[in-house]
Structures are given as C-alpha cells and as structure tokens.
Amino acid sequence: MTPDTRDNLRKRISRAPTDPGVYRWKDKSGEIIYVGKAKNLRNRLRSYVLENAAKGQGPWKQSMYEQIVDFDVTITNTELEALILETNLIKEIRPKYNVLMKDDKNYVYVRITVNDPYPAVDVVRKMEFASDNLRSGPSERPAGRAGKTGGVRYFGPFLSRYETEKTLDMLHDFVGFRACRDSIDAMNRWMKDQEAPHPTESGKLRPCLDFQIHQCNGLCAGDLSVEEYRRRIDQVIEFFKGDYDPVINAGKERMMQLAADKKFERAGEIRDTLQMIEHMKERQLISDTSGDDTDVVGVAVLSGKAHVEILQKRLGKLTGEHHLSLMGKAESVADVLEQFLPQYYEGVADIPETVLVSEDFSDRETLETFLTDQHGKKVRVIVPERGKKSKLLELAEKNAQQKAMQAEASWEAEERNIQNALDELASNLDLATLPKRIEGYDISHTGGTETVGSMVVFVNGKPKNDQYRSFTIHSMQRGAIDDYRALKEVLARRLRHAAGGLKMEEKKWEENGITIGKARKNEQTIIEGIIERHPTELSQQPIDYHEFWVARCESDIIGMGCLHKHATGLLELKSIWINEEHRGGRLGQFLSRFILKSVKKGKVYVMIDPQLEQYYASVGFRHVLKAPPVLIEEMQSEKKKNPSIPDGIVLVYDTTQHKTDGSLATFPDLLVIDGGKGQLNAVHEVLQSFGLSIPVIGLAKREEEVFVPGKKDPVIFRTDSPAKFMLMRLRDEAHRFANRHRKKRAAKHAVQSQLDHVPGIGPDTKQELLKTFGSVDVIRRQDDAALKNILNEEQIHALRQVL
C-alpha cells in the first residue's frame, strides 16, 4: 500500500470498534481479497498498517499487503460467532489470499433422529437435509420444522468435537441416555413389526460390553421401556435447546459429592465438563440449525445520512452482508425503512421468508403483500421484541452504526488529505489562491487516426464527472500526428467559453471601437469593391448584401463575411475578409463565430485554401468525408474563372456540436497538461492569445516531474506528497477519458466504414441490421435466410461482396 493509503487507513482504523468480529481487506477495485477474524477488531486492523508490517512475511502475504486500499468490518457478540462467520464468508466469497477448506470439517453438530421410536444421538460434521441435498435455490425449503431436516434434529454448530463428546459423556452420567447402536437398530425394527418376538427374548439382543462398564443404559438388556428411553432423550434435547441449569446444578452437586468422597480425579473431570457447558451457553446468533431464510435490516442515521446494514441468513447461517449508504437526508428510521425496502427488494431475486426490522412503518402490510407476490410464498416483515431475533436485529443495528461512523471517518480523512494536497499545490506552485477547480488535459490517437482530446475536472479535490468533456480534433488530416497542434485546438475551444463566449468577446471589440452587424443596402458597392480587389481570396460569385455581416470601425468596413444559402438549402460561409491593419487579432475568427451564431440548427460548409485549415478548425469546422456536389461545382466554376486560385478543401460546422455549455464558463484555477515542456509551451501560447493568466503546469510521465512555464527545472514535491498523488490521479483520469472517447469513435467508424459502402443499403436499413444482429461480425455470419427478413436478394448479394 502507498504511504498515502496507509495514512488514510490509520485514521479510519483509529475509530474502528474494539469488539470481536470479522474484517475484510479490499483492493482498489473494491474486491474482497482477505477475510479474517479478531477478538479486538481495532488492534488486529492496526497491525496491518504498521510501518514494517509486511517485513519478514512471505511473498504471498507481501503481495496482499501491496494491494490493500480499503477495509470493512462486521461486529459479532463473541469470538465464537466471529470464527463461524469468518468460515461462512470464506466459503461464500472465496477471497484470493485466504486458505480455502475443501470440506466442512471445521465444526460439529449433535444429531438426534427424533422421528425414530428409539432416537440415536451422534456427533457429525455436516447437516444433511431432506433427500441428502441442500436446496439449490431460494424457493426450496428443508423438510420439517426449525432445526429438523427429514426427521433428524441438529444442534450446534460447536467448535470442538472433543468438548462436545465430553459433554455427551457427562449427560450420560446424569441422564443415562446412551444405548449401543445394535440395540437401537434392533428395537426400531421391532417397533415396526411388533408381532415378531422381542429382540431380547429371541436372543438377537444380549447385554453388550458397554453395559458391563456402565457406558450403555441397558436397552440391549431389556431394562428400558420406549417411554423411559424417550424421556431421557427429551432431557438431552432440552439441554441442547438451552436449558442448561438443571444439568449444571446436578453436575455441581455430583462434583461436590465426589470431592467429599476424595475422588478428586473424577471431580476434576466433571469440573472441566461444566466449564465446557459454560462455553456452550454463549447463544450463537451467527449460525444455527433452524434452516430459516431471514434478512435482518439494521438502520443507523448519523448527521442526517442513513446507513443500512442487511444481514442475510440462509439455511440458518449468516452467509451475506450488504451495507448501503443512502442518498438524501433521513428524518427517522421508520421513514428510511418505508422508502428504502420497496426499492431494495424490487431488484432482489433471493427474497427470504422473513424480514426483521426495528420499527413499524405505515406500509409494512403492503410490503408483505408485495414480497409474497415476488417470492411465491408467504413473506413476513416482523418487528421482534425479544429473543434471538431481537438480538440479531441489535447486531445488525450495531453494524450499521459502525459503518456510519467509518464512513464519516473516511470522509473526514479524505477531506483532510484533499485539503493538505490543495494547500501544498498552492504553496509549491506559488498560486494566489487554492486551486479549487483543476482541469486536466490529454491527447489520444491511434497512429494519427481518431485523434481526440479530453478535459477532466476536479472540484475541491474530487472528480466532477458531469463536467468532463471530450473533443474530436478538427484541425488535422487523418494520419497526421501533432500533439501540440491538437492540444492548442482543445485549449482554444475550451478557453473561448471561459473567456466569456461571444458576448464577452463582442464587448471587448466594442471597447476598441469595433462593432459587428448586418450589411446595409448602401454598403453593397463597398463590399463588391473589396471582393473585386481580392480575386484569389474571395469568391467572385454574384453577391447579395442581405447575406453579409460586416465589422465596422466607426463608419469604415474593416471586415466582412457572407452566409450564402444555395438553391438546395445548403448553407455556405464564404468571403471572410479582414483588412491588413486589423489582422492577427483574431477578429476574423470572432466574425465567423458571430455569423454562425445566427444558424440555430443544421450544418454550414466552407471551401478554403488548405493553408487556412487550422484557422477554421479553431472556429469549429471539421473535415467532411464527401463534399456536397453543389460545392464541388462551385469550386470548379471558380477555378475556370481564375486558374490561379489554389485547389480548396471543404469543411463543415455542425450546430448540434456547438451548443452553449454552461459548465465551461467557469474559469479554472489550475490547468494540468499531460506532457513536458513542449506541451506546456503550446498551451501557454494559447493562454497568451486569449490574454488569460491561468496557472498551468505540465506533468511528465517518465519521472512524474512537474514543470511550470518559464522555469527550466521541475518543481520538487516530496515522495509521499498528497499534492503529487492528486496530480497523478487527475492525469490518469484524463488519459482514461481520452482513450475511452477514441475507442468509441474508432468502433463507430469501423461499423460505418463497412456498411456505408454496401450499395443499396441506406441509413434506416443499416440501423435495422445493427439493431437486429448487434454488430457487423454477426451480420457477416448470418445465412441468407436470416438476412431476408430485412434485405432483398440484390442487397444480400451486395452485402456479400463488401463484407
């Protein structure tokens, strides 16, 4: 784990509970990689974040330490519950760094065959349900009542087979329940066919050796009736149901009597057994033999925020835990339950028989009806008042409260780290104010194709995903590689918004005595004269002053541009001109954008000299795959009139991609560029052209060096600097976002480039094909019969030729 992660975990662990329970370590993706138990959760967790915690550990353990970034805990009432829960969770989750058991040989159960006339009592490792199968889904139920499975009753689980068998030995001393197996089997067979001679009379049963040494109650000798045998078995059942006191009292009396008779060894054995029984009195909430399915919903409200802890018991074992932090402000636990439970169970497939909640709420009966319909069997929503269910609910609430405290501790630690990082950035970079809004930029391409840029935003040190933006680069031909040029375009397009947009720019021009407006009738002659004096720059087509905007300085026209509407309805921007005296101040770009603002929807085309490509790209124009025929004809006509005119290219401006973006109107406090001095200088030039003095830094990948304009050497941050970690996260996020946008465009164009070249298949048919089959690869694999539902034979033939 990084020093930053270790510090964050230490602060959170300092507020972890000191109760027994189970902890879970997680990696950066949130996956649980290790489950452990602890007598004191805080102390155990703290041992993992010591400075040299991984020192001396094996490579497997060291690998786990390196991946730890987060933790979660579940409180239990006892160490026993912690052990059982740990075992259940390891089997359920199968974490990477835990040792996984291959079977259930971890704790034992006492099994009593209650449906037999002469029940047998055994110690077993595994509960077997009806038909020797555990249910495979939430709707299947184990046979019999709680604790019974197919005529067999189980008690436990118990941690030690030795202690359990010693307890049964003591119970036999007091109750005399134990009989040899042969006598139990023989008597059960005889009870089914009582016309046969009694086994002891027929000679099939004889007193066994255990009877001779007082380890058998004499069933084999015919000394017990079925009623007496069942009475003794019932005493055993009552003991394992929790009625320990009669046995403990009898044991103490027996121990005292043996001590008085100076039989100290035997008295010591009874004393040890009584201590084992005291351990058994720890009632287990985590696991039992009921076979019940229950969700236990605990709610905690802290600082107005609701946290819900759902403990899932399946087949009587706690096998799952879900913690949810709810959005919005919570007024009360009842309100949380009423609003949360319907939303939660609407998307849950495994609905239990019982849902335990801490408070009643108005729609509880309605929720029961809803859950019953979903489950197909009766579901009850219960508010337990006493007993084991109430204790289990208390445990869920205790865990919800702990998760709420941990969330608050995590938030506080994160806030402290963020504040420290922002303070350090301001100090090391000599910023006038804290960089509350930081923007990161990156350029991504594949060998010069699909060149895109990304902008990611951190506000108060946290990602602001809804303000992320991606940019498709317009100023470069396909195959060209120029990250500096691409970066300039991205920053120019973004900073135009930050500078206040057209209104702010218009105000600045007005302050310099320059205004923009529609051409007047008396200005047509002046416009014609300008066009005539610049035959290689401006279109020589007939003009209509109604289509022109002009830039005026006092009464003089110092710039102009035309938005021409062709007979086909196509819009063309043309004849953009600025006089030499006012060139170089971006007036032409402002005039172009001012004209384009009048177009509310659709596309606008422009034919230009290739040397002006970047100029118009900064306005928002991009390349077209195929120029409209009317523009090609116009270009050829102009060429005939004036052969000296260079061959032009056609660009397009799409109004749908240039809507007002309010999130870009805010000035950033710091710009972070992915790259070194070259990228930094390119961005600095853009800032100067806008007259902006926004702080900007470059973060070089090789050594993670931070460069600032005007300084040869990088700014030094300490190794464990939270500020540097924040910059690296921002840079990585910008890189990820740019790559995602590039891959989406590449995938889209891959589809378009193949289907668009199939003759006779238009956009609607292409869309239907993709909607039906999903991808071009799937379409290619279809036989003709499948394609005939959409295409005719000629289209299928054309498709086969292309694909």
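Going by the structure above, here's the rest.
Residue numbering note: each chain is counted from 1, following its sequence as written. Per-residue local features of the predicted model are confined to residues with pLDDT of at least 70, and side-chain atom pairs are confined, for both listing and counting, to 80 or more; whole-chain, interface and lining totals are unaffected and use all residues. With hydrogens and water set aside, each side-chain value is computed from the structure's full complement of heavy atoms.

A.B. asks: Explanation requested: the overall build of the protein chain in the structure shown.
C.D. replies: Secondary structure assignment for the protein chain yields 26 helices and 26 strands. For each residue, the accessible area found with a 1.4 Å probe, counting protein chains only, is set against the maximum for its type, and the residue is called buried under 20%, exposed over 50%, and partly exposed in between. Taking all 803 residues of the protein chain together, the buried fraction comes to 48%. Considering only intrachain contacts with a sequence separation of at least 6, the fraction spanning at least 24 residues in the protein chain is 65%. Comment: elements are numbered from the N terminus, with helices defined as DSSP H or I runs of at least four residues and strands as E runs of at least two. Between two residues, a contact is recorded if the distance between any of their heavy atoms is within 4.5 Å.

A.B. asks: How do you make sense of the sheet that holds strand β1 (residues 21-26) when you look at a structure like this?
C.D. replies: Strand pairing in a sheet relies on backbone hydrogen bonds, with the paired strands running either antiparallel or parallel. On the basis of which strands lie adjacent, the open sheet formed by 3 strands has the order β2-β1-β3 and antiparallel pairing. The open sheet has two free edges, formed respectively by β2 (32-38) and β3 (70-75), since each of these has just one partner strand. The average angle at which neighbouring strand axes cross in this sheet is 20°, direction not considered. One bridge is not enough; two strands pair if DSSP finds at least two bridges between them. Summarising the sheet, β1 and β2 pair through 6 bridges and their orientation is antiparallel. Bridging from a neighbouring strand, Val22 pairs with Lys37 of β2. Lines are fitted to the C-alpha atoms to define the axes, a helix being fitted only along its stretch in contact, and any angle between axes, read from their N-to-C directions, falls within 0 to 180 degrees. Running over the sheet, helix α1 (residues 3-13) touches β1 and β3 and is turned about 20° from β3.

A.B. asks: Would you mind going over the pattern of salt bridges with me for this structure?
C.D. replies: Two side chains that carry opposite charge are able to pair once their charged atoms sit near each other. Salt bridges are counted wherever a side-chain nitrogen of Lys or Arg sits within 4 Å of a carboxyl oxygen of Asp or Glu. Scanning all chains against the criterion turns up 28 salt bridges. Of the charged contacts, one joins Arg181 and Asp122 as a salt bridge, the two residues approaching to 3.1 Å between their closest N and O atoms. With Arg181 in helix α6 (residues 181-192) and Asp122 in strand β5 (residues 121-124), this residue pair connects regions lying 59 residues apart in the sequence. Shared partners join several salt bridges into a network, and the residues in it are Arg111, Asp122, Arg181 and Asp185.

A.B. asks: Would you mind going over helix α26 (residues 793-802) with me for this structure?
C.D. replies: Given 3.6 residues to a turn, an α-helix orients residues that are three or four positions apart in the same direction. For α26, the set of buried residues is Gln795, Ile796, Ala798 and Leu799. Seen end-on, α26 carries its buried residues on one side only, within an arc spanning 165°. Residues Glu793, Glu794, His797 and Gln801 are exposed on α26 and point more than 90 degrees away from its buried face. For this quantity, the arc is that covered by the directions from the helix axis to the C-beta atoms.

A.B. asks: I tried to follow the packing of aromatic side chains on my own but got confused; where do I start?
C.D. replies: How two aromatic rings sit relative to each other is given by the distance of their centres and the angle of their planes. Under the pairing criterion, centres of Phe, Tyr and Trp rings, with the six-membered ring standing for Trp, must be within 6.5 Å; the plane angle then separates stacked pairs below 30 degrees from edge-to-face pairs above 60, leaving the rest tilted. Following the criterion strictly, the structure yields 13 aromatic pairs and no others. A centroid spacing of 5.9 Å and a plane angle of 70° characterise the contact between Trp25 and Phe71, whose relative ring orientation is edge-to-face. Taken together, the residues span a long stretch of sequence, with Trp25 in strand β1 and Phe71 in strand β3 at a distance of 46 residues. Residue Trp25 shares its accessibility class with Phe71, and that shared class is buried. Taken together through their ring pairs, the aromatic side chains of Tyr23, Trp25, Tyr34, Tyr48, Tyr65 and Phe71 make up a single cluster. Two limits define a charge over a ring: the Lys NZ or Arg CZ must be within 6 Å of the ring centre, and within 35 degrees of the ring normal. Residue placement shows Lys597 over the ring face of Phe594; its charged tip is 4.6 Å from the ring centre.

A.B. asks: Looking at this structure, I do not really get the layout of surface pockets. What am I missing?
C.D. replies: Using a probe with the size of a water molecule, rolled over the atoms, empty space left in the structure can be pinpointed. Quantified by volume, the second largest pocket comes out at close to 1100 Å³. The distinction between a cavity and a pocket rests on a 1 Å grid over the protein atoms alone: a 1.4 Å probe fits inside a cavity but cannot get out, while a pocket stays open yet meets protein on both sides within 12 Å along at least five of seven lines, and a residue with an atom within 4 Å of a point counts as lining. In terms of lining residues, the second largest pocket is bounded by 29 residues, among which Asp4, Thr5, Lys28, Val69 and Arg729 are the most central. Listed by contribution, the elements that provide at least two residues to the lining of the second largest pocket are α1, α3 (59-67), α14 (387-428), β15 (462-463) and α22 (722-755). With 7 residues, the single largest contributor to the lining of the second largest pocket is α22. Residues are sorted three ways: Asp, Glu, Lys and Arg are charged, Ala, Val, Leu, Ile, Met, Phe, Trp, Tyr, Cys and Pro are nonpolar, and all the rest, Gly among them, are polar. Residue composition of the lining of the second largest pocket, grouped by class: 11 nonpolar, 8 polar and 10 charged. Grid points are joined across faces, edges and corners, and a volume is the space filled by probe spheres set on the points.

A.B. asks: So what exactly am I meant to see when it comes to the sheet that holds strand β19 (residues 556-565) here?
C.D. replies: Taken together, 7 strands build an open sheet; the order of strands is β17-β18-β19-β20-β21-β23-β22 and the sheet is mixed. Strands at the two margins of the open sheet, each flanked by one partner only, are β17 (514-518) and β22 (622-623). Sheet topology places β19 next to strand β20 (residues 571-578); 6 bridges connect them, and they run antiparallel. If you follow Met560 over to β20, its bridge partner there is Trp577. Lying over the sheet, helix α17 (residues 524-533) contacts β18 (548-553), β19 and β20, oriented at roughly 90° with respect to β19. Along the sheet face, helix α18 (residues 587-596) touches β17, β18, β19, β20, β21 (603-608) and β23 (649-654) and points at about 150° away from the line of β20.

A.B. asks: Teacher, can you tell me more about the side chain of Thr113 here?
C.D. replies: Here Thr113 shows up in the loop between β4 (108-112) and β5. Assessed through its relative accessible area of 13%, Thr113 is described here as buried. With residues near it in sequence (within four places) discarded, Thr113 still touches Pro119, Ala120, Gly151 and Val152.

A.B. asks: For this particular structure, what's the right way to read the environment of Gln62?
C.D. replies: Positionally, Gln62 belongs in helix α3. Of the residues examined, Gln62 reaches a relative accessible area of 32% and is grouped as partly exposed. With near-sequence residues (within four places) excluded, Gln62 lies in contact with Ala54 and Gln57.

A.B. asks: Would you take a moment to explain unusual backbone geometry for this structure?
C.D. replies: Positive phi values are uncommon outside glycine, yet Asp430 reaches one of about 55°. Taking the relative accessible area as the measure of exposure, Asp430 reaches 62% and is therefore exposed. Even without being glycine, Ser575 reaches a positive phi, approximately 55°. You can see Ser575 is positioned in strand β20.

A.B. asks: Before we go on, may I ask you to explain the nonpolar core in this structure?
C.D. replies: One recurring pattern in soluble globular proteins: nonpolar side chains tend to sit buried together. With 42 residues, the main nonpolar core has Ile112, Leu171, Phe177, Leu219, Tyr229, Phe240 and Ile277 as its most contacted residues. Counting only elements with at least two residues in this core, the list comes to β4, β5, β7 (152-158), α5 (161-175), α6, α9 (226-240), α10 (245-260) and α11 (264-280). At 6 residues, the largest contribution of residues to this core is made by α9. Discounting residues that sit within four places of it in the chain, Leu219 has contacts with Tyr118, Ala179, Ser183, Ile184, Met187, Thr200, Leu224 and Tyr229. Put simply, a nonpolar core is a bunch of buried Ala, Val, Leu, Ile, Met, Phe, Trp, Tyr and Cys residues held in one set by side-chain atoms that sit within 4.5 Å of each other.

A.B. asks: Is there a simple way to think about the side chain of Thr655 in this case?
C.D. replies: Positionally, Thr655 belongs in the loop between β23 and β24 (670-674). Apart from the residues within four sequence positions on either side, Thr655 is in contact with Val599, Lys600, Lys601 and Gly602.

A.B. asks: Explain empty space enclosed by the protein to me, please; I cannot follow it from the model alone.
C.D. replies: Taken as a whole, this structure holds 1 cavity of 30 Å³ or more when the rule is applied. For the largest cavity, the calculated volume is near 40 Å³. Lining the largest cavity are Arg496, Glu505, Arg586, Gln589, Phe590, Arg593, Ser618 and Val619. Considering every element that reaches the lining of the largest cavity, the biggest residue donor is α18, with 3 residues.

A.B. asks: It is not clear to me how the pairing of β3 should be interpreted in this structure. Could you clarify?
C.D. replies: A regular strand carries its side chains on alternate faces of the sheet. Here β3 lies mainly inside the structure; 5 of its 6 residues are buried. As defined by bridge partners, β1 adjoins β3 across 6 bridges and the pair is classed as antiparallel. Each residue of the ladder has a partner; that of Val22, found in β3, is Thr74.

A.B. asks: Before we go on, may I ask you to explain α18 in this structure?
C.D. replies: With 10 of 10 residues buried, α18 is to be regarded as a mostly interior element. Every buried residue of α18 is accounted for by Leu587, Gly588, Gln589, Phe590, Leu591, Ser592, Arg593, Phe594, Ile595 and Leu596.

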